[in-house]
Amino acid sequence: MKREDALDYHARGRPGKIAVVPTKPLTNQRDLALAYSPGVAEPCLEIHANPEDVYKYTAKGNLVAVVTNGTAVLGLGNIGAAAGKPVMEGKGNLFKTFADIDVFDLEVGSESPDDMIRFCQLLEPTVGGINLEDIRAPDCFYIEETLRKTMKIPVFHDDQHGTAIISGAALLNALEVVGKKIEEVRVVFSGAGAAAISTGEHYVALGVKREHITMCDRVGVIHTERTPEHMDPYKARFAITTTNRTLEEALQGADVFVGLSAAGAMSQAMVRAMGPKPIIFALANPVPEILPAEVHAVRDDAIVATGRSDFPNQVNNVLCFPFIFRGALDVRATEINEEMKMAATRALAALAKEDVPDSVSQLYGLSSVKFGRDYLIPFTFDPRVLLWVAPAVAWAAVASGVAREMIDLEQYRDVLELRLGRARGLMRGIINRAQHDPKRIVFAEGEDLKVLRAAQIMVDEGIAHPILLGRADRIRRTADTHGISLGGIRIEDPGTSPDRERYAQYLFELRQRKGLSLSEAEQRLYKGVYFGCVMVAVGDADGIVGGLGKHYPETIRPALEVIGAHHVTKLAAGLYMLVFERRVVFFGDTTVNIDPTAEQIAQIAISAAGLVANFGQVPKIAMLSFSNFGSVKHPHSAKMAEAVRIVRERRPTLQVDGEMQADLACNDEELAKRYPFSRLTESANVLIFPNLSAGNIAYKLLTELGGATAIGPILVGMANPVHVLEQGADVQDIVNMAAVAVIDAQWRVRTTSGTYIPVGTTGEISVTNGETFTAEQPVRARAERTDAPSRTAR
């Protein structure tokens, strides 16, 4: 990295890396009166009457102060408060990016520990927590200890505890890999500053015996015979009785080396002298005590971790401080105690043993990642860290009695998903619902490694009962190679299946008057998508997901031939769910119907409304055009207006209006102002386009240029659940689409003809007790069709 690049990064545009962004509108006189005088007086009075309401009416509960005096900035030493500001701004950026925590960076112009203490104490009414940063030892110990005793908000010195927590997780997993017991290992530290002292204490809490720790500073081994000028109360905790006086002597036969010192502090000779299967944490930055290549050149049995992202096992404090504060803030903890730190360590260690999503491993240029000597702790950019560490910390705060708010862990994880982005939050809800009643979902590309990994996740999380199509020996060989368990996964080989003859006869009878012979039907069943569609059509599976690595028509065509559109809806359509920072909008049709009629557009809207309702949202539909409510007379705009009329006639309770322009559909205030007669009382969340070109172009533009996250395509209107993957779908995309397929299957009613009625349709319905009845109104709830207490499904 060039010096000029770093300087330009900080200087270009608005200088620095952070800004204050309003969270409430301030666009008119009314907003001004509410935000400031006179309206602001009301929350002031409420807080005066009840001080705890400061968390209700202000940003305190999500605000952390990052405080430094610049006496120990990175490896630069005592460069002063102002020179340390870029680091503190960077810290604020990381807090916001990884845990959605707001930050004030505060650089204090005093090297006096007592000044720092008093400054932080005076901040207590303002912030929900304090992150101490880049303060020299031993001042940092005294400052943090005093603040923890005198303040009722979390105070955390990341330089001390961040490295301890993360390297502690790496230590637990490294010992598991090499097969050593924590209470038996000998650990040697190079460095005795804030990070080393705190890490040593944390290792003792994890189970390392204090007498098995040797700590070395610039003078050498810290031992009981040291003179006072080279000792302080914090180093004295690790003074041992020994004849060793140098790092080289201390490392003879040692099991673990922890470097928190300087580049080159460890030699290859020292590595050779360590015990079998040594664990080496060379954590000095930017150049470690010894490079991994130097270690492996002399010891092929060693495990190595560094603080750098270009080597395996990066011990980076960003894996800790955002998430430990997130958990502490969300339960309004009065402190960050040892129990919370321990919970963070164990959560990180446990997460490293889970499968890594493709989307994460690809960020690091890796095809696959597996727990072991080169992967001891999660990657920095793994979004699951928030979902594992913050709940563990929050619950530890509750259990240890320092929390002022209780949490429901499952609900809390949902809240955290939303902080990661609305797409993740919405998909979390869909996955939760799928888990309540998992269905049999068949995967046409069952031999693909991504599908195999996704299937294991589905089984582990109880999302679906996956059926993989492909050659059984190849699927098992791939699973063995990559350590994937096939427990709970059904394998079906289209070439040798005992159901081939039955399926071929079904396909032949279905397509015999469309030019298909019996032998051709048998040949088509060698293709996974045809075989899977027949499985679903005859009731041997509840839904199919396919299309990975294929062009869209290659999957949709067999599905339309074998399963087809439902006899009630008579039309299949493709929707995309577009997720923005502040809203979720469904687009249709984006993949199937090129130039639909008004009748077809109405059915697309009705099917889309059923899907949106299934996802737990109230559908608000806008029929889009270049005209607003007849402002331009043209057949294209008239078509959309006619579609509105048809929808209202068939589904009078749906919120639908148009034709209207897209900007108006997304701005409820402007819509109400200009067209008060509109039936849309809020901005539309379902946008129906006049043709495939408009819908397809719109969703792709917004995905590429508008920052939207697209989930889809989601097929609606099919006789049975069919969903198509995009060509570049990763493992999580496959899991998400499987969950959508499960929801689709859950919210359908099996008819006497063997197909399913989607939500929002009518028809002859067969229920679990064998009784048949007619749904006179649109089917809405799954429970109503399974219990069947009456003869009408509402």
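None of the values given here were measured: they were computed from a predicted structure.

## Looking at the overall build of the chain
Part 1 of the argument: Counting secondary structure elements, the chain contains 32 helices and 24 strands.
Part 2 of the argument: Its C-alpha atoms give the chain a radius of gyration of 31 Å, within 12% of the compact-globule value 28 Å for 794 residues.
Part 3 of the argument: Principal-axis analysis of the C-alpha atoms places the extent of the chain at approximately 95 × 75 × 55 Å.
Part 4 of the argument: Across the 794 residues of the chain, 53% fall into the buried class.
Part 5 of the argument: Counting only contacts in the chain whose residues sit at least 6 apart along the sequence, the fraction spanning at least 24 positions is 67%.

## Looking at the packing of helix α8 (residues 158-178) against helix α9 (residues 194-206)
Part 1 of the argument: α9 packs onto α8 with a crossing angle of 45° between their chain directions and a minimal axis gap of 8 Å. If you check the angle between α8 and α9, you find them oblique. Crossing angle aside, the handedness with which α8 passes α9 is right-handed. In contact with Asp159, Gln160, His161, Thr163, Ala164, Ile165, Ser167, Gly168, Leu171 and Leu172 of α8, α9 contributes Ala194, Ala195, Ser198, Thr199, His202, Tyr203 and Leu206.
Part 2 of the argument: Per-class residue counts for the contact of α8 with α9 are eight nonpolar, eight polar and one charged.

## Focus on the packing of aromatic side chains
Part 1 of the argument: One pass over the structure, following the stated rule, counts 14 aromatic pairs.
Part 2 of the argument: Pairing Phe629 with Tyr675 gives two aromatic rings, centres 4.9 Å apart and planes at 45°, and the pair type is tilted. In this pair, Phe629 is assigned in the loop between β16 (620-624) and α27 (635-650) and Tyr675 in the loop between α29 (668-674) and β18 (686-688), connecting sequence segments 46 residues apart.
Part 3 of the argument: In this structure Phe629 comes out as partly exposed when scored by relative accessible area, which is 22%.
Part 4 of the argument: Ring plane angle 75° and centroid distance 5.8 Å describe the contact between Tyr675 and Phe677, whose orientation is recorded as edge-to-face.
Part 5 of the argument: Judged by relative accessible area, which is 15%, Tyr675 ranks as buried.

## Quick notes on the pattern of salt bridges
Part 1 of the argument: Under the counting rule described, the total for this entry stands at 43 salt bridges.
Part 2 of the argument: Across the pair Glu89 and Lys85 runs a salt bridge whose closest N-O atoms are separated by 4.0 Å. Taken together, the residues span about one helical turn, with Glu89 and Lys85 both in helix α5 (residues 85-99) at a distance of four residues.
Part 3 of the argument: Across the pair Arg326 and Asp330 runs a salt bridge, and its minimum N-O distance is 2.8 Å. Of the two residues, Arg326 and Asp330 both sit in helix α14 (residues 321-330), four residues apart, roughly one turn of that helix.
Part 4 of the argument: On the basis of relative accessible area, Arg326 is assigned to the buried category, the value being 1%.

## Topic: the sheet that holds β18
Part 1 of the argument: In space, the six strands of this open sheet follow the order β17-β16-β18-β15-β14-β19, with mixed pairing throughout. With one partner strand each, in any of the chains shown, β17 (655-660) and β19 (709-716) form the two edges of the open sheet. Averaged over all adjacent pairs, the angle separating strand axes in this sheet is 20°, with direction ignored.
Part 2 of the argument: On top of the sheet, α27 reaches β16, β17 and β18; it is set at about 165° to β17, its chief contact.
Part 3 of the argument: Together, β14 (573-579), β15 (584-588) and β19 form the strand contacts of helix α30 (residues 692-705), whose direction differs from that of β15 by roughly 150°.

## Some details on unusual backbone geometry
Part 1 of the argument: Cis geometry marks the peptide bond from Ser37 to Pro38; its omega dihedral reads 5°.
Part 2 of the argument: Inspection of the secondary structure puts Pro38 in the loop between α2 (29-35) and α3 (41-49).
Part 3 of the argument: In this structure, the amide linkage connecting Gly588 to the following residue, Asp589, adopts the cis form with an omega of -10°.
Part 4 of the argument: Looking at the secondary structure, you find Asp589 in the loop between β15 and α26 (598-614).
Part 5 of the argument: Positive phi, normally seen in glycine, also occurs at Asn313, with a value near 60°.
Part 6 of the argument: With respect to the element layout, Asn313 can be found in the loop between β9 (303-306) and α14.
Part 7 of the argument: In this structure, Phe629 takes a positive phi of about 50° despite not being glycine.

## What about the sheet that holds strand β10 (residues 440-443)?
Part 1 of the argument: The strand order across the open sheet built from five strands is β12-β11-β10-β13-β20, with neighbouring strands paired in parallel fashion. Both edges of this open sheet fall to β12 (490-492) and β20 (722-724), since each of them pairs with a single strand only. Taken over all neighbouring pairs, the strand axes of this sheet differ in orientation by 25° on average, direction set aside.

## Some details on the environment of Ala444
Part 1 of the argument: Note that Ala444 resides in the loop between β10 and α20 (449-461).
Part 2 of the argument: Overall, Ala444 belongs to the buried group, its relative accessible area being 9%.
Part 3 of the argument: Each C-alpha atom, one on Ala444 and one on Gly528, is 4.6 Å from the other, the two residues being 84 residues apart in sequence.
Part 4 of the argument: Other than its neighbours up to four places away in sequence, Ala444 contacts Leu469, Gly528, Val529, Val545 and Gly546.

## Digging into the packing of α14 against helix α17 (residues 384-399)
Part 1 of the argument: Relative to each other, α14 and α17 sit at 45°, their axes nearing to 7 Å. Considering their axes alone, α14 and α17 lie oblique with respect to each other. Seen from above, α14 lies across α17 with right-handed handedness. Facing Phe323, Ile324, Arg326, Gly327 and Ala328 of α14, the residues of α17 in contact are Val385, Leu386, Val389, Ala390, Val393 and Ala394.

## Remarks on α14
Part 1 of the argument: Among the 10 residues of α14, 10 are classified as buried, and the element is accordingly described as predominantly covered.
Part 2 of the argument: Buried residues of α14: Phe321, Pro322, Phe323, Ile324, Phe325, Arg326, Gly327, Ala328, Leu329 and Asp330, and no others.
Part 3 of the argument: The positive-phi residue at the C-terminal boundary of α14 is Arg332, with phi of around 50°.

## Focus on the environment of Ile430
Part 1 of the argument: Topologically, Ile430 is positioned in helix α19 (residues 422-436).
Part 2 of the argument: With relative accessibility at 2%, the residue Ile430 sits in the buried group.
Part 3 of the argument: On a C-alpha basis, the gap between Ile430 and Asn736 in space is 8.2 Å, while along the polypeptide they are 306 residues apart.
Part 4 of the argument: Aside from chain neighbours lying at most four places away, what touches Ile430 is Phe615, Ala739, Val740 and Ile743.

## Side note on the state of the cysteines
Cysteine pairs can be linked by a disulfide, which is a covalent bond between their two sulfur atoms.
Part 1 of the argument: Per the stated rule, a full pass over the model turns up zero disulfides.
Part 2 of the argument: With no disulfide of its own, Cys140 has Cys120 as its nearest cysteine by sulfur position, at a separation of 13 Å.
Part 3 of the argument: The buried category is assigned to Cys140, whose relative accessible area is 1%.

## Digging into a nonpolar patch on the surface
Part 1 of the argument: A cluster of nonpolar residues, Leu26, Leu32 and Tyr36, forms a patch on the protein surface that exposes about 350 Å² of accessible area.
Part 2 of the argument: Locating Leu32 in the fold gives a position in helix α2.

## Regarding helix α18 (residues 409-420)
Part 1 of the argument: Relative to the 16 Å expected for 12 residues at 1.5 Å per residue, α18 spans 17 Å between its end C-alpha atoms, a close match to the ideal helical length.
Part 2 of the argument: Of all the positions in α18, only Tyr412, Leu416 and Glu417 are classed as buried. The arc that holds every buried residue of α18, seen down its axis, measures 150°, which confines them to one face. With respect to the buried face of α18, the exposed residues turned more than 90 degrees away are Gln411 and Leu418.
Part 3 of the argument: A positive backbone phi angle near 140° is found at Gly421, which sits one or two residues after α18.

## Section: empty space enclosed by the protein
Part 1 of the argument: If you walk through the whole model with that rule in mind, you get three cavities of 30 Å³ or more.
Part 2 of the argument: Taken as a whole, the second largest cavity holds about 40 Å³ of empty space.
Part 3 of the argument: If you trace the second largest cavity, you find it lined by Tyr55, Gly128, Pro154, Ala328, Leu329, Arg332, Ala333 and Arg404.
Part 4 of the argument: Here the lining of the second largest cavity is composed, by residue class, of five nonpolar, one polar and two charged.

## A word on a negative patch on the surface
Part 1 of the argument: Together, Glu354, Asp355, Asp460 and Glu461 make up a negatively charged patch on the protein surface.
Part 2 of the argument: You can see Asp460 is positioned in helix α20.
Part 3 of the argument: Assessed through its relative accessible area of 59%, Asp460 is described here as exposed.

How each quantity is defined
- Residues numbered from 1 in each chain as written.
- Predicted model: local features only at pLDDT ≥ 70, side-chain atom pairs only at ≥ 80, totals over all residues.
- Heavy atoms only, no water.
- Helix = DSSP H or I, 4+ residues; strand = E, 2+ residues; numbered from the N terminus.
- Rg over C-alpha atoms; globule rule 2.2 N^0.38 Å.
- Buried < 20%, exposed > 50% of the residue type's maximum accessible area, 1.4 Å probe, protein only.
- Contact = heavy atoms within 4.5 Å.
- Axes fitted to C-alpha atoms, helices over the stretch in contact; angles between N-to-C directions.
- Parallel < 35°, antiparallel > 145°, perpendicular 65-115°, else oblique.
- Left-handed = near helix turned anticlockwise from the far one by under 90°.
- Nonpolar A, V, L, I, M, F, W, Y, C, P; charged D, E, K, R; others polar.
- Phe/Tyr/Trp six-rings, centres within 6.5 Å; stacked < 30°, edge-to-face > 60°.
- Salt bridge = Lys/Arg side-chain N within 4 Å of Asp/Glu carboxyl O.
- Pairing = 2+ DSSP bridges.
- Disulfide = S-S within 2.5 Å.
- Patch = residues over 30% accessible without salt bridge, like charges linked within 9 Å, V, L, I, M, F, W, Y side chains within 5 Å.
- Areas by Shrake-Rupley, 256 points an atom, 1.4 Å probe, with all protein chains shown as cover.
- Expected span 1.5 Å × (residues − 1).
- Arc of directions from axis to C-beta.
- 1 Å grid on protein atoms, 1.4 Å probe; cavity = no way out; pocket = protein on both sides within 12 Å on 5 of 7 lines; lining within 4 Å.
- Points joined across faces, edges and corners; volume = space filled by probe spheres on them.
- Lys, Arg positive; Asp, Glu negative; His and termini not counted.
- Charge placed at Lys NZ, Arg CZ, Asp CG, Glu CD.

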